Amino acid sequence: MNVATTSFFSPERMASLHEVATPCYVYDLNILGETLNRLQAAVSPRNFHVHYAFKANTDKRILEIVREAGLGADCVSGQEVKCAIDNGFRPNQVAFAGVGKTDAEIQLALQHDIFCFNAESMPELQVIAELAAQTNRVARIALRLNPNVKANTHHYITTGLEENKFGIGMHELSSVVDFVLAHPNLELLGMHVHIGSQITDMEVFRTLCMRVNELQEWFASRRIALKVINVGGGLGVNYHEPDRDAFPNLEQYFDIFSQHLHVRPNQEVHFELGRSLVAQCGALLSRVTYIKQGVQTQFAILDAGMTELIRPALYQAYHKIENLSAIGKTATQRYDVVGPVCESSDCFGKAVDLPETKRGDLIAIRSTGAYGEVMASNYNLRERAPTLYF
Ligand SMILES: *Cc1c(COP(=O)(O)O)cnc(C)c1O
């Protein structure tokens, strides 16, 4: 039998939520802190370096905790680079990735002398070189290679296949490397790969290690030393059991790289984790506005919608939905849980088993700390949801 329980929303916390304005995001900073402690414990003995992927969540309190834990910043826009520096990350901790960096974004990053550009194409390298030359700077470069590894995740969040827009293909690697090595305003720092997100099959990371080893051979055979091997991010979380698996299995994840990656002397291994560090510390709170009887289904219509959390509409993502007003009661009903926005895809879950649910009930949509609030929009002129912290 399916009885509603939750440890994220303890009775004491529930008592503080009676009057809460919804929709709102709530973050459990203890979960974040504990995740980062576990991260530290896993990476320190291995001498791995982690940059936090800003695009997962740029809440100020979260960034502060991430910075205090000593992580660097992995940014994918000029605004994220600026946000990292404004929030106290040192420029030499900032990496800048992305397929379409504009001149203004590159100039901003050059002015701050950031740690590294993760460069994705020849035309981009030409622009970085030109802009660096204009200001007499040297841009450090990690070449983002397309390793052609299948991530076994949703095709919208797969990035490491030749058909995807990301990275430099093997067919052009030789001319790209020659260009970087020959240019006085570029320094070849290393290589970078990132094959996708929400990867839960550890075999995928083992395959990635093998592929990176092959790519390393390619550089070694040309006597090119790479200081940094950046293997990206992508570690998944358990969206189905956010309480049981509140923390990602970081030991197991980093162990795969310890075991299978051939690291050369004086080489650093870098990671860019986003989702796995922040997903489980967030929840979206909402109230039921109406229960509506359909022909085959009954709808629970919430005051939160795809404007607050677009992941279900965008890539059919699953999030656990809980009725916090009915904790301890048995799930006896089935609802399509939907938002108020004028789109049929504005649906958080179909045929969700819940206890009997009424207008005014408080609903939690779990594991929304990553790619939740950052993707919010004002569509339908809806206001931004406020944020609470536990
Ligand atoms: C999004 C992204 C990441 C982080 O991915 P997660 O799945 O959140 O860990 C890392 N590197 C790059 C280049 C990215 O675009």
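This is a predicted model, so every value here is computed, not measured.

Q: Can you break down the site of the ligand residue by residue, with the values?
A: Neighbouring the ligand are 14 residues; Lys55, Ser197, Glu272, Arg275 and Tyr371 lie closest to it. The side chain of lysine 55 places a nitrogen or oxygen atom 2.7 Å from an oxygen atom of the ligand. A class-by-class count of the residues in the shell around the ligand yields three nonpolar, six polar and five charged.

Q: Can you break down the packing of aromatic side chains residue by residue, with the values?
A: Aromatic ring pairs are described here by two measures, namely the spacing of the ring centres and the angle between the planes. Applying the stated criterion to the full structure yields 18 aromatic pairs. Geometrically, the ring pair formed by tyrosine 253 and phenylalanine 254 is edge-to-face, given 4.9 Å between the ring centres and 70 degrees between the ring planes. Comparing tyrosine 253 with phenylalanine 254, the two get one shared label, buried. Members of the aromatic cluster, joined through ring pairs, are Phe48, Phe205, Tyr253, Phe254, Phe257 and Phe271. Here the guanidinium or amino end of arginine 61 rests over the ring plane of tyrosine 389, the centre of that ring lying 4.3 Å away. The positively charged end of arginine 222 is found above the aromatic ring belonging to tryptophan 218, 3.8 Å away from the centroid.

Q: I'd love a proper account of the sheet that holds strand β9 (residues 268-273), names of residues and values included.
A: The parallel closed barrel is built from eight strands, whose spatial order is β2-β3-β4-β5-β6-β7-β8-β9. Strand-to-strand twist in this sheet, taken as the mean axis angle between neighbours without regard to direction, amounts to 30 degrees. As judged from the three bridges shared by strand β5 (residues 116-119) and strand β6 (residues 139-144), these two strands associate in the parallel manner. By the bridge assignment for β6, phenylalanine 117 is matched with isoleucine 141.

Q: Summarise the side chain of glutamine 93; cite the residues concerned and give the values.
A: Mapping glutamine 93 onto the fold places it in the loop between α4 (78-86) and β4 (94-96). A relative accessible area of 12% means that glutamine 93 is categorised as buried. Not counting residues up to four positions away in its chain, the partners in contact with glutamine 93 are His51, Gly70, Leu71, Gly72, Ala73 and Phe115.

Q: Now, about the pattern of salt bridges: what can you tell me, with residues and values included?
A: Applying the stated criterion across every chain, the model contains 18 salt bridges. Where arginine 13 meets aspartate 28, a salt bridge forms, and the shortest distance between an N and an O atom there is 2.8 Å. With arginine 13 in helix α1 (residues 11-15) and aspartate 28 in the loop between β1 (24-27) and α2 (29-43), this pair connects stretches of sequence that are 15 residues apart. Here glutamate 203 ties to arginine 206 by a salt bridge, and the two come within 2.8 Å at their closest N and O atoms.

Q: Just give me the short version of helix α3 (residues 60-68), but keep the residues and values in it.
A: For α3, the full list of buried residues reads Ile62, Leu63 and Val66. End-on view of α3: buried residues confined to an arc of 100 degrees, all on one side of the axis. Facing away from the buried surface of α3 by more than 90 degrees, the exposed residues are Lys60 and Glu68. On the buried face of α3, the contacting elements are β1, α2, β2 (48-53), α4 and α10 (275-278). At the N-terminal boundary of α3, the capping side chain belongs to aspartate 59, with an oxygen 3.0 Å from the backbone nitrogen of arginine 61.

Q: Could you give me a rundown of the domain arrangement of the protein chain, with the residues and numbers involved?
A: For an interface, size is often stated in terms of accessible area lost upon the parts coming together. Each assigned domain of the protein chain is listed with its residue range as follows: domain 1 (29-279) and domain 2 (280-389). On a C-alpha basis, the centroid separation for the pair domain 1 and domain 2 is 32 Å. Each partner contributes to the interface: domain 1 provides 26 residues, whereas domain 2 provides 21 residues. If you sort the residues of domain 1 by the area they bury against domain 2, Tyr239, Pro242 and Ala279 come out on top, with a joint share of 27%.

Q: Describe the packing of α2 against helix α9 (residues 250-260), naming the residues involved and giving the relevant values.
A: Running from amino to carboxyl end, α2 crosses α9 at an angle of 30 degrees, the nearest separation of the two axes being 9 Å. Taken as axis vectors, α2 and α9 run roughly parallel relative to one another. Relative to α9, α2 is oriented so that their crossing is right-handed. Residue-level inspection shows Thr35, Arg38, Leu39, Ala41, Ala42 and Val43 of α2 in contact with α9, the latter providing Leu250, Glu251 and Phe254. Grouping the constituent residues of the contact of α2 with α9 by class yields six nonpolar, one polar and two charged.

Q: Summarise the pairing of β5; cite the residues concerned and give the values.
A: The side chains of a regular strand alternate between the sheet's two faces. Neither face of β5 is open: one carries Cys116 and Asn118, the other Phe117 and Ala119, and all of them are buried. As judged from the two bridges shared by β4 and β5, these two strands associate in the parallel manner. Pairing of alanine 95 across the sheet is with cysteine 116, part of β5. After leaving β4, the chain enters helix α5 (residues 103-111) and then returns to the sheet as β5, a path that is right-handed.

Conventions and cut-offs
- Residues numbered from 1 in each chain as written.
- Predicted model: local features only at pLDDT ≥ 70, side-chain atom pairs only at ≥ 80, totals over all residues.
- Heavy atoms only, no water.
- Near = heavy atom within 4 Å.
- Polar contact = N/O pair within 3.5 Å; in protein donor to acceptor, adjacent residues only side chain to side chain.
- Nonpolar A, V, L, I, M, F, W, Y, C, P; charged D, E, K, R; others polar.
- Phe/Tyr/Trp six-rings, centres within 6.5 Å; stacked < 30°, edge-to-face > 60°.
- Buried < 20%, exposed > 50% of the residue type's maximum accessible area, 1.4 Å probe, protein only.
- Lys NZ or Arg CZ within 6 Å of the ring centre and 35° of its normal.
- Pairing = 2+ DSSP bridges.
- Helix = DSSP H or I, 4+ residues; strand = E, 2+ residues; numbered from the N terminus.
- Axes fitted to C-alpha atoms, helices over the stretch in contact; angles between N-to-C directions.
- Contact = heavy atoms within 4.5 Å.
- Salt bridge = Lys/Arg side-chain N within 4 Å of Asp/Glu carboxyl O.
- Arc of directions from axis to C-beta.
- Domains from an automatic or database assignment.
- Buried area = accessible area lost by both parts, 1.4 Å probe.
- Parallel < 35°, antiparallel > 145°, perpendicular 65-115°, else oblique.
- Left-handed = near helix turned anticlockwise from the far one by under 90°.
- Right-handed = clockwise from strand over helix to strand, strands pointing away.

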